[in-house]
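Structure at a glance
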Amino acid sequence: MTTRVELSALARRGMESIPVYIGDATPCAVDLSDNTNLWGAPPAVLRALRSADVSVVARYPATYAGSLRDALLEHVGLSGADGIDVVTGCGSDDVLDSAMRAFAQPGECIAFSSPTFSMIPTFAQLNGLTPTPVPFAPGFELDAERLVDVRAKLTYVCAPNNPTGTHVARSAIDYIVQNAAGVIVIDEAYAEFAPEVFVDLCTASDRVLVTRTFSKAFGMAGLRLGYGIGDRNLVRLVTRARGPYKVNALAERAARAALTAGTEGRDWVLERAAEAVENRLRLVDAVNRRGLTALPSAANFILIPTRRARQLASGLATRGVRVRVITGMPAEPRELADCEGVGLRVGVGPWPAMQTFLNALDEVVACA
Ligand SMILES: *Cc1c(COP(=O)(O)O)cnc(C)c1O
């Protein structure tokens, strides 16, 4: 018999502290916890999947989902841009993770404003990088100077930012693009809901990678597809770090349908996004009238920083409404000073679902 070695001693250093992502999958009447499209998937996508020749699953898909390249560039308004290319991935998570491997050695830093997308510190740790959080300036503006001062190999900017929903000013991003020491990743997972997008910056600098996803506005989270846009040479490096066959054949087919002009494809997506923006304004208003404070949002969710977050969420859950409790937020900027690091993140969807949330919230607040 071989000598018994503790598995934890065999694991790579730091593995024990990597969190396993917890998503609550138990059925509930109204799930506002994951920022997906609460109207569902575009009709053109459902049709494309139903009519698909499913025998293709016996073979490998395209190595790099090349059939999406031109449609994606057109979608983001860069079809004529010189020297710009696209990398796809199994969700934009895959693109973000690959970008870290492509540009930073183990031990090097990735700088980002905190709080931000929870997967960033996790992917950083997995790739041996040192997550370097920088507080937001007042009003959730990026503290561009402090971010640049980190001299990080990678600087990550989430615009609009998850979990706060807040928009970031172009001037701060411009400063970072002009002064950062390394590569700048701009995560536009919520671009379709934002008043302003920054994808044009990848034509201004060959060190800017802009990532987007089919998981949020496009209603295709279950298919796992995301992409990154940037200078051809930058994209080539991310593609190498990514590896082949990350986008499955059905996802690629569905995405082509989603990007097709028409009231069942791309226009459907943009119309639902416009409706989400209207409902977001109504929801922020309704929440604020109930004595809570929601941050102004540029995404399809709102954040309510409140020390009662856990209690409110469990009361809502009892009433069939699931929201996300955000924890571990810093005490800066001052909007987060009194919430003890916790808040409720609430997805925005069709108004009847929002009304169900508000009714449940009224009951929970009355009981408290
Ligand atoms: C949801 C989300 C993503 C990515 O999701 P994928 O499903 O992996 O495409 C990326 N960034 C942010 C900020 C998100 O909220």
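Residues numbered from 1 in each chain as written. Predicted model: local features only at pLDDT ≥ 70, side-chain atom pairs only at ≥ 80, totals over all residues. Heavy atoms only, no water.

Examining the packing of aromatic side chains
Geometrically, a pair of aromatic rings is defined through the distance of the ring centres and the angle of the planes. Rule in force here: Note on aromatic contacts: the rings of Phe and Tyr and the six-membered ring of Trp form a pair at centre separations within 6.5 Å, being stacked when their planes are under 30 degrees apart, edge-to-face when over 60 apart, and tilted otherwise. Helix numbers and strand numbers start at the N terminus; a helix is a DSSP run of H or I with at least 4 residues, a strand a run of E with at least 2. Classification of residues uses two cut-offs on accessible area relative to the type maximum, computed with a 1.4 Å probe and protein chains only: under 20% is buried, over 50% is exposed, and between them is partly exposed.
Across all of its chains, the model carries 5 aromatic pairs by this definition. Centre to centre, the rings of tyrosine 60 and tyrosine 245 are 4.5 Å apart; their planes meet at 25°, and the pair counts as stacked. Note that tyrosine 60 is positioned in the loop between helix H2 (43-50) and helix H3 (69-75) and tyrosine 245 in the loop between helix H9 (232-242) and helix H10 (249-258), a separation of 185 residues in sequence. Tyrosine 60 sits in the exposed class, given a relative accessible area of 65%.

Some thoughts on the site of the ligand
Keep this limit in mind: A single heavy atom is enough: if one lies within 4 Å of a molecule or strand, its residue is considered near that molecule or strand. Polar contacts, as counted here, are pairs of nitrogen or oxygen atoms within 3.5 Å of one another; within protein the pair requires one atom able to donate a hydrogen and one able to accept it, and residues that are adjacent in sequence qualify only if both atoms are side-chain atoms. In this description, accessible areas are obtained by the Shrake-Rupley approach with a 1.4 Å probe, and a residue is regarded as covered only by the protein chains that are shown.
By nearness alone, 14 residues border the ligand, and Tyr190, Thr213, Ser215, Lys216 and Arg224 come closest of all. Interatomic distance of 2.5 Å between a side-chain N/O atom of serine 215 and an oxygen atom of the ligand. One of the side-chain nitrogen or oxygen atoms of arginine 224 is found 2.6 Å away from an oxygen atom of the ligand. Burial of the ligand by the protein amounts to 93% of the accessible area it has alone, namely 390 Å². Listed by contribution, the elements that provide at least two residues to the shell around the ligand are helix H4 (91-103) and strand S5 (154-158). By residue number, the principal contributor to the shell around the ligand is H4, which donates 3 residues.

A few points about the sheet that holds strand S9 (residues 301-305)
Heads up, the rule is: We call two strands paired when DSSP finds no fewer than two bridges between them. The convention used is that axes are lines fitted to C-alpha atoms, helices contributing only their stretch in contact, and that angles between N-to-C directions extend from 0 to 180 degrees. The contact criterion used is simple: two residues touch if any of their non-hydrogen atoms lie within 4.5 Å.
Read from one edge of the open sheet, 3 strands run S9-S12-S11, paired in antiparallel fashion. The two strands at the open ends of the sheet, each matched to only one other strand, are S9 and strand S11 (324-326). Adjacent strand axes in the sheet meet at a mean angle of 25°, parallel and antiparallel pairs treated alike. Here 5 bridges tie S9 to strand S12 (residues 343-347), and the two strands are oriented antiparallel to one another. Paired with isoleucine 304 across the two strands is leucine 344, which belongs to S12. Those strands touched by helix H11 (residues 266-289) are S9 and S12, and its axis lies near 20° from that of S9.

Some thoughts on the side chain of asparagine 37
The topology assignment puts asparagine 37 in the loop between strand S1 (30-31) and H2. Judged by relative accessible area, asparagine 37 falls into the buried class, the value being 11%. Not counting residues within four places of it along the chain, the set of residues in contact with asparagine 37 comprises Ser215, Lys216, Ala217, Gly219, Trp268 and Arg272.

Describing the pairing of strand S2 (residues 84-89)
Successive side chains on a regular strand alternate, one facing one side of the sheet and the next facing the other. With 5 of 6 residues buried, S2 is to be regarded as a mostly interior element. Sheet analysis places S2 next to strand S8 (residues 226-231), joined by 6 bridges and oriented antiparallel. The residue bridging valine 86 from the neighbouring strand is isoleucine 229, located in S8.

What about the nonpolar core?
For soluble globular proteins, the rule of thumb is that nonpolar side chains tend to be buried together. Test applied: Put simply, buried Ala, Val, Leu, Ile, Met, Phe, Trp, Tyr and Cys residues joined by side-chain atoms within 4.5 Å make one nonpolar core. Boundary definitions for the domains trace back to an automatic or database domain assignment.
If you look at the biggest cluster of nonpolar residues, it comprises 63 residues, and the most contacted ones within it are Leu142, Ile173, Ile176, Ile186, Phe214, Met220 and Ile229. Here this core spans two domains, and each of domain 1 (23-40 + 266-367) and domain 2 (43-258) adds at least three residues to it. Discounting residues that sit within four places of it in the chain, isoleucine 186 has contacts with Val157, Ala159, Ile173, Phe198, Leu201, Val208, Leu209, Val210 and Thr211.

Some words on the domain arrangement of the protein
Frequently, the measure chosen for interface size is the accessible area that the parts lose on association. What counts, and what does not: We define buried area as the total accessible area lost by two parts upon association, computed with a 1.4 Å probe and summed across both. Within this document, salt bridges are pairs made up of a side-chain nitrogen of Lys or Arg and a carboxyl oxygen of Asp or Glu, the two lying within 4 Å of each other.
Domain boundaries in the protein define domain 1 (23-40 + 266-367) and domain 2 (43-258). On a C-alpha basis, the centroid separation for the pair domain 1 and domain 2 is 25 Å. Every contact between the two is made by 29 residues of domain 1 and, on the other side, 30 residues of domain 2. Both sides of the domain 1 and domain 2 interface together cover about 2300 Å² of buried area, and 66% of this is carbon and sulfur. Taken together, the connections running from domain 1 to domain 2 amount to 0 salt bridges. Along the contact surface separating domain 1 from domain 2 lie 10 residue pairs in polar contact (both at pLDDT 80 or more). Among the elements that line the side of domain 1 that touches domain 2, the one with the most residues is H11, at 7 residues.

Comments concerning unusual backbone geometry
Residue serine 114 is joined to proline 115 through a cis peptide bond whose omega torsion reads 5°. For the bond running from asparagine 162 to proline 163, omega is 15°, close enough to zero to count as cis. Checked against the element boundaries, proline 163 lands in the loop between S5 and helix H7 (170-179). Positive phi, normally seen in glycine, also occurs at glutamate 340, with a value near 55°. The topology assignment puts glutamate 340 in the loop between S11 and S12. Exposure remark for glutamate 340: the relative accessible area of 60% places this residue in the exposed category.

Here we look at the state of the cysteines
Counted only if it meets this: Put simply, a disulfide is two cysteine sulfurs that come within 2.5 Å.
In this structure the tally under the stated criterion is 0 disulfides. The closest cysteine sulfur to the non-disulfide-bonded cysteine 28 is located on cysteine 367, 19 Å from its own sulfur. Cysteine cysteine 339 is unpaired, with the sulfur of cysteine 158 as its nearest cysteine sulfur at 18 Å.

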